[in-house]
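Here is how the chains run, residue by residue.
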Amino acid sequence: MRRVVITGMGAVSPLGMGAEANMRAMGEGCPGISDLAFQDVERLDIRIGGQIHGYDETSHFSRQEITLYDRFTQFAVLAAREAVAQAGLDIAGERSGVVLGTSGGGLNTQNENFRKVFEAGKNRVHPLVVPRLMNNAAASHLSMLHGITGPSYTVSTACASSNHAMGQAFQIIRAGMADTMLTGGSEAMLCFGGIKAWEGLRVMSKEACRPFSLNRSGMVQGEGAAVFVFEELSHAQVRGAEILAEVAGFAMTSDASDIVMPNVDGAARAISGALRDARLAPESIGYINAHGTGTAANDRAECEAVRRVFGPAAQGVRISSTKSMHGHLIGGTGAVELLACILALREGVIAPTINFDMPDPACDLNVVPNVAQQAGVSATLSNAFAFGGLNAVLALRSAP
Amino acid sequence: MANDIANKVIAIIAEQAMLTPEEVSPKATLAELNVDSLGLVETIFAIEERFDIQVPFNANAPGDAAFDISSVQSIIDAVEKLVNGAE
């Protein structure tokens, strides 16, 4: 079977610009959640998030590009530019593709233009609103910018979008449909309409994201993107590329139960499926990047699922939620979180779960509270369990 | 007034439970009425809209005492407190 490796990575998140900056911040347990700043924020109950402050789109893009690039597209373009540069290859052609995850797509564009027609009473919006807001805009721009003419599309499965996208990119290379893929995800939902909708669910925290901590108070949103170059192993070896990690396995399952409540069985089947696909035993997994949203429902179900699959090995595995630092990037979250897995594999640094105050007996695993741990890790898992009961788990292994 | 609030709250819960108001006993819990977590969030939204109040409720800690949802009566009491507090 064709093997797939990662040869480039790029990221933009509240933890920093660039994959290295993000990994360094994760390793240091840096908090990236702050007061939200945008129009009408004073009308929200929820006023914190992993917002990228000080971001100036005009310093990265021309006026014409900004006309076409919603914030979520901009993040994806920046992350992809970095990933392709690191991989050091010409990715153009029909043996390459793009699969990106997003949930909200151009939500800022929708928000701004709804405001114009509903609130300001305007009867006309910019002619390029539709191509700017569409969920596939980021994937399409990456294909155009890099001359990629193979299979390209967007996956939208809420909080699992990025993991589904990266799993698809992995399968496309495995199946021989392409040799190199740009993949990951992007999200920019931090605007009045975006947060107002989430408030209704009553699952958002007003104070902090505290996964696995008994005093948790809910999830906190973030924004940003991460994009990776996935490449067929021999393709990378022939050109002498630096291999960051191997994508060893992937599995996806559906709960078929509830539209918002997590399901232990669906999560456990995705975790065990990824292990089986990667031919890895639970004992060989040194780190799990948890979905770890900081809601009681998720955290307890996720720990139960890990215990069910890992058995006695559950007590030995380290499992942390970096959402405590960057927030929940929804459709982009799995991509940014894969950086924590690469950090563990390459540097033996296990990013912590910050804001951890007190253990929850229902989450009695090694959740790496507050401070990074050092450990030699040769294989990792990254969990994503979406609203709608759609689960996607990726397994990575050290570079061969 | 108090009776009026009780009737309105019961009507909201009855609608979520797909029952008539007469079938909703004040002693009943939401679980007994088959109102699940989504139904609860919708119930609270309906209460906020009906009475023009803010209900302090976080689905992560539904048992928190800020807004007692342990029974229909406890919800009525909590709403009465919020409505009277707002006056």
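If you're wondering where the values come from, they're calculated on a predicted model, not measured in any experiment. (Residues numbered from 1 in each chain as written. Chains lettered and ligands numbered in written order. Predicted model: local features only at pLDDT ≥ 70, side-chain atom pairs only at ≥ 80, totals over all residues. Heavy atoms only, no water.)

Caption draft 1: Seen up close, the overall build of chain B. Regarding its fold elements, chain B presents three helices and zero strands. Reading chain B from its N end, one meets helices and strands in the order α-α-α. Relative to its length of 87 residues, chain B is compact, with a C-alpha radius of gyration of 12 Å against a globular reference of 12 Å. The dimensions of chain B, computed from C-alpha atoms along their principal axes, are 30 × 30 × 20 Å. (Helix = DSSP H or I, 4+ residues; strand = E, 2+ residues; numbered from the N terminus. Rg over C-alpha atoms; globule rule 2.2 N^0.38 Å.)

Caption draft 2: Spotlight on the environment of methionine 219 of chain A. Residue and element names in this part refer to chain A. Within the fold, methionine 219 resides in the loop between helix 8 (192–199) and strand 8 (224–232). Separated by 11 residues in sequence, methionine 219 and alanine 208 have C-alpha atoms that sit 7.9 Å apart. Sequence-distant contacts of methionine 219, defined by excluding residues within four places in its chain, comprise Trp198, Val203, Met204, Ser205, Thr293, Gly294, Thr295, His328 and Ile330. (Contact = heavy atoms within 4.5 Å.)

Caption draft 3: Region of interest: the packing of aromatic side chains. Residue and element names in this part refer to chain A. This model, assessed by the stated rule, comprises four aromatic pairs over all chains. When the ring of tyrosine 55 is compared with that of phenylalanine 75, the centres are 5.3 Å apart and the planes differ by 70°; the resulting orientation is edge-to-face. Here the residue tyrosine 55 occupies a position in the loop between strand 4 (48–49) and helix 2 (63–68), and phenylalanine 75 occupies one in helix 3 (residues 71–87), the gap between them amounting to 20 residues. Just as tyrosine 55 is buried, phenylalanine 75 falls in that class too. Geometrically, the ring pair formed by tryptophan 198 and phenylalanine 387 is stacked, given 5.7 Å between the ring centres and 25° between the ring planes. Remark: phenylalanine 387 occurs in the loop between strand 14 (379–386) and strand 15 (390–397) and tryptophan 198 occurs in helix 8; sequence separation between them is 189 residues. Take tryptophan 198: its relative accessible area is 11%, and that puts it in the buried class. (Phe/Tyr/Trp six-rings, centres within 6.5 Å; stacked < 30°, edge-to-face > 60°. Buried < 20%, exposed > 50% of the residue type's maximum accessible area, 1.4 Å probe, protein only.)

Caption draft 4: Inspection of the domain arrangement of chain A at higher detail. All names here are of chain A. The assigned domain composition of chain A is domain 1 (4–238) and domain 2 (249–397). Computed from C-alpha coordinates alone, the two centres of domain 1 and domain 2 are separated by 21 Å. With 62 residues of domain 1 at the contact, the number on the domain 2 side is 65 residues. Buried surface at the junction of domain 1 and domain 2, summed over both partners, amounts to about 4,700 Å²; 70% is from carbon and sulfur atoms. Among the residues domain 1 hides against domain 2, the three largest losses belong to Met26, Cys159 and Phe212. Together they make up 19% of the total. Between domain 1 and domain 2 we count four salt bridges in total. Residue aspartate 357 pairs with arginine 210 through a salt bridge whose shortest N-O separation is 3.1 Å. Counting across the domain 1 and domain 2 interface gives 19 residue pairs in polar contact (both at pLDDT 80 or more). Looking at the side of domain 1 that touches domain 2, the elements that each hand over two or more residues are strand 1 (4–13), helix 1 (19–28), helix 7 (161–174), strand 7 (180–187) and strand 8. The element best represented in the side of domain 1 that touches domain 2 is helix 7, accounting for 10 residues. (Domains from an automatic or database assignment. Buried area = accessible area lost by both parts, 1.4 Å probe. Salt bridge = Lys/Arg side-chain N within 4 Å of Asp/Glu carboxyl O. Polar contact = N/O pair within 3.5 Å; in protein donor to acceptor, adjacent residues only side chain to side chain.)

Caption draft 5: Region of the structure containing the pairing of strand 8 of chain A. Residues and elements named next belong to chain A. Most of strand 8 is tucked away, with nine of its nine residues classed as buried. Every second residue of strand 8 is oriented toward a common face, with Gly224, Ala226, Phe228, Phe230 and Glu232 on one face and Ala225, Val227, Val229 and Glu231 on the other, all of them buried. Of the strand pairs in this sheet, strand 1 and strand 8 are connected by eight bridges, and their pairing is antiparallel. Along strand 8, the bridge assignment pairs alanine 11 with alanine 226. The sheet contact formed by strand 7 and strand 8 spans eight bridges and is antiparallel. Along strand 8, the bridge assignment pairs threonine 180 with glutamate 231. (Pairing = 2+ DSSP bridges.)

Caption draft 6: Examining helix 3 of chain A more closely. All names here are of chain A. Over its 17 residues, helix 3 extends 25 Å from the first C-alpha to the last, a length consistent with the 24 Å expected when each residue adds 1.5 Å. In terms of burial, helix 3 is largely enclosed, as 12 of its 17 residues are buried. Glycine 88 occupies a position one or two residues after helix 3 and carries a positive phi of about 65°. (Expected span 1.5 Å × (residues − 1).)

Caption draft 7: Local environment of the packing of helix 7 of chain A against helix 13 (residues 333–347) of chain A. Residue and element names in this part refer to chain A. Contact geometry of helix 7 with helix 13 gives a least axis separation of 6 Å together with a crossing angle of 75°. What the angle tells us is that helix 7 and helix 13 run roughly perpendicular. Contact residues: Ser162, Asn163 and Met166 in helix 7; Thr333, Gly334, Ala335 and Leu338 in helix 13. Looking at the contact of helix 7 with helix 13 residue by residue, the class counts come to three nonpolar, four polar and no charged. (Axes fitted to C-alpha atoms, helices over the stretch in contact; angles between N-to-C directions. Parallel < 35°, antiparallel > 145°, perpendicular 65-115°, else oblique. Nonpolar A, V, L, I, M, F, W, Y, C, P; charged D, E, K, R; others polar.)

Caption draft 8: Molecular detail of the interface of chain A and chain B. At the interface, 14 residues of chain A touch 11 residues of chain B. Both sides together, the interface formed by chain A and chain B hides about 890 Å², and carbon and sulfur atoms give 45% of it. Between glutamate 48 of chain B and arginine 202 of chain A there is a salt bridge, with the nearest N and O atoms lying 2.5 Å from each other. Taken together, the links from chain A to chain B amount to nine residue pairs in polar contact (both at pLDDT 80 or more). Its residues assigned to classes, the side of chain A that touches chain B shows seven nonpolar, five polar and two charged.

Caption draft 9: Quick look at the state of the cysteines. Residues and elements named next belong to chain A. Summed over all chains, the structure comprises zero disulfides over all chains. A disulfide-free cysteine, cysteine 341 has its sulfur positioned 16 Å from the sulfur of cysteine 303, the nearest such atom. Residue classification places cysteine 341 among the buried positions, given a relative accessible area of 0%. As a non-bridged cysteine, cysteine 363 has cysteine 303 as the owner of its nearest cysteine sulfur, 3.8 Å distant. (Disulfide = S-S within 2.5 Å.)

Caption draft 10: Region of interest: the nonpolar core. All names here are of chain A. Judged by nonpolar contacts, the single largest core of 54 residues is most densely connected at Ile6, Met26, Phe228, Phe230 and Leu396. Ranked by the residues each element gives to this core, the list is headed by helix 13, at 10 residues. Per-domain counts for this core show at least three residues from each of domain 1 (4–238) and domain 2 (249–397). Formed by 34 residues, the second largest nonpolar core is a distinct cluster that contains Phe212, Ala278, Ala290 and Phe310. (Core = buried A, V, L, I, M, F, W, Y, C linked by side-chain atoms within 4.5 Å.)

Caption draft 11: The packing of helix 10 (residues 264–278) of chain A against helix 11 (residues 296–310) of chain A, seen in detail. Residue and element names in this part refer to chain A. Between helix 10 and helix 11, the shortest axis-to-axis distance is 8 Å and the interhelical angle comes to 45°. Classified by the interaxial angle, the pair formed by helix 10 and helix 11 is oblique. Helix 11 is crossed by helix 10, and the crossing has right-handed handedness. Residue-level contacts link Val264, Asp265, Ala267, Ala268, Ile271, Ser272 and Leu275 of helix 10 to Ala301, Glu304, Ala305, Val306, Arg308, Val309 and Phe310 of helix 11. A per-class count over the contact of helix 10 with helix 11 returns 10 nonpolar, one polar and three charged. (Left-handed = near helix turned anticlockwise from the far one by under 90°.)

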